[in-house]
Amino acid sequence: MLPLMLKLLCTTKEKSVFPYLHSFGKEDSVEPPCLNLTPPWLQVRAVIKGRVQGVFYRDWTVENAKELGLKGWVRNRRDGSVEALFSGSPEKVQEMEQRCRRGPPAAIVTGLDVFPCDDDPGTGFERRQTG
C-alpha cells in the first residue's frame, strides 16, 4: 500500500519534507522517492461570464487547455455563462485562468469566478454538453 501511496504523491522532483529515511538505525540514509505533503497540482472550477456563448469560447478553451497540458472539461451553462474545470500544475492552471479573463477574440468577458474543486477531471481535456 505504501508504494502506491508514494507513487500517487510523487509527481515532482522537489526536495522531500523528510530529507532522509533511516533504516533500522543504520548509519546509511536513503533519500525517499518523494514524500511531499503539498501536491504539485491545482484543481479549480471556473465560471466565465459575459458574451461567452456563440463566440467559440469552448473550442478556444479546449485548444488552450490542451496546449498547457491540463486535464478537465468545459461546457456552456443554461444561464449564458461558461463553466470549466482545470487540473494541472499550479503555474499552468493560473496561466489558463489569465487566458480565460481575455478569452477568444469575439468574447467579452465581464466576470471570472474561480474556486477550488475536487471533482474528477478525467484523463484529458474535453468539451461537454450544456449543464
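What you are looking at is a predicted structure, and each value in this text was computed from that prediction instead of being measured.

About the thresholds
- Residues numbered from 1 in each chain as written.
- Predicted model: local features only at pLDDT ≥ 70, side-chain atom pairs only at ≥ 80, totals over all residues.
- Heavy atoms only, no water.
- pLDDT = per-residue confidence, 0-100.
- Contact = heavy atoms within 4.5 Å.
- Helix = DSSP H or I, 4+ residues; strand = E, 2+ residues; numbered from the N terminus.
- Core = buried A, V, L, I, M, F, W, Y, C linked by side-chain atoms within 4.5 Å.
- Buried < 20%, exposed > 50% of the residue type's maximum accessible area, 1.4 Å probe, protein only.

Draft legend 1. Spatial organisation of the confidence of the model for the chain. Within the chain, residue pLDDT values average 80, and 70% of them lie at 70 or more. In this model residues 1-38 is a low-confidence stretch, pLDDT under 50, and it forms 35 contacts with partners more than four residues away in sequence or in other chains.

Draft legend 2. Looking closely at unusual backbone geometry. Here Phe56, not a glycine, exhibits a phi torsion of approximately 65°, which is positive. Along the chain, the position of Phe56 falls in the loop between β3 (42-51) and α2 (57-68).

Draft legend 3. Layout of the nonpolar core. Counting 21 residues, the largest nonpolar core has Ile48, Tyr57, Leu70, Phe86, Met96 and Cys100 as the members making the most contacts within it. Elements with a contribution of two residues or more to this core: β3, α2, β5 (82-88) and α3 (90-102). When residues in this core are grouped by element, the largest group, 5 residues, is from α2. Those residues in contact with Cys100 that sit more than four places away from it in its chain are Ile48, Tyr57, Trp60, Phe86, Val109 and Leu112.

Draft legend 4. Broad picture of the environment of Gly88. When you line up the elements, Gly88 lands in strand β5. Residues Gly88 and Ala65, 23 residues apart in the sequence, show an inter-C-alpha distance of 9.7 Å. Residue contacts for Gly88: discarding those within four places in its chain leaves Pro40, Trp41, Leu42, Leu70 and Val93.

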